[in-house]
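# Geometric and topological summary
Listed below, chain by chain, are the residues.
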Amino acid sequence: MTNKNDAAAKDAEGRLESALGDLTGDTGHQIKGKAKQVQATAMNVAEDLKEGAKAVARKVSDAAAKLADDKG
């Protein structure tokens, strides 16, 4: 399972728990559900940053290879 899938599952779990809290009036479930949704958002942000860093690393590597080819 990828981190994006884990985040989606955590978000769904949070939405369900929050909805349960809304239905029952249980603020504990509401808070726990919202916390899980925030955690899912953080997981997505971390994954996006990781993907962005990989893309930058690829571009730098490609540029370095092109520069080496141009000099060679």
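Here's a quick rundown of the structure. (Residues numbered from 1 in each chain as written. Predicted model: local features only at pLDDT ≥ 70, side-chain atom pairs only at ≥ 80, totals over all residues. Heavy atoms only, no water.)

Scanning the chain from N- to C-terminus turns up two helices and zero strands. Against the compact-globule benchmark of 11 Å for 72 residues, the chain has a radius of gyration of 21 Å, which places it well outside the compact range. Projected onto its principal axes, the C-alpha positions of the chain cover 70 × 20 × 10 Å. Across the chain, contacts joining residues at least 24 apart in sequence account for 49% of those joining residues at least 6 apart. Summing over all exposed atoms, the chain offers an accessible surface of approximately 5,300 Å²; the carbon and sulfur share of this is 61%. When the 12 positive and 12 negative side-chain charges of the chain are each reduced to one mean point, those points stand 3 Å apart. (Helix = DSSP H or I, 4+ residues; strand = E, 2+ residues; numbered from the N terminus. Rg over C-alpha atoms; globule rule 2.2 N^0.38 Å. Contact = heavy atoms within 4.5 Å. Areas by Shrake-Rupley, 256 points an atom, 1.4 Å probe, with all protein chains shown as cover. Lys, Arg positive; Asp, Glu negative; His and termini not counted. Charge placed at Lys NZ, Arg CZ, Asp CG, Glu CD.)

Bear in mind that shape data such as this cannot, by itself, settle questions of function.
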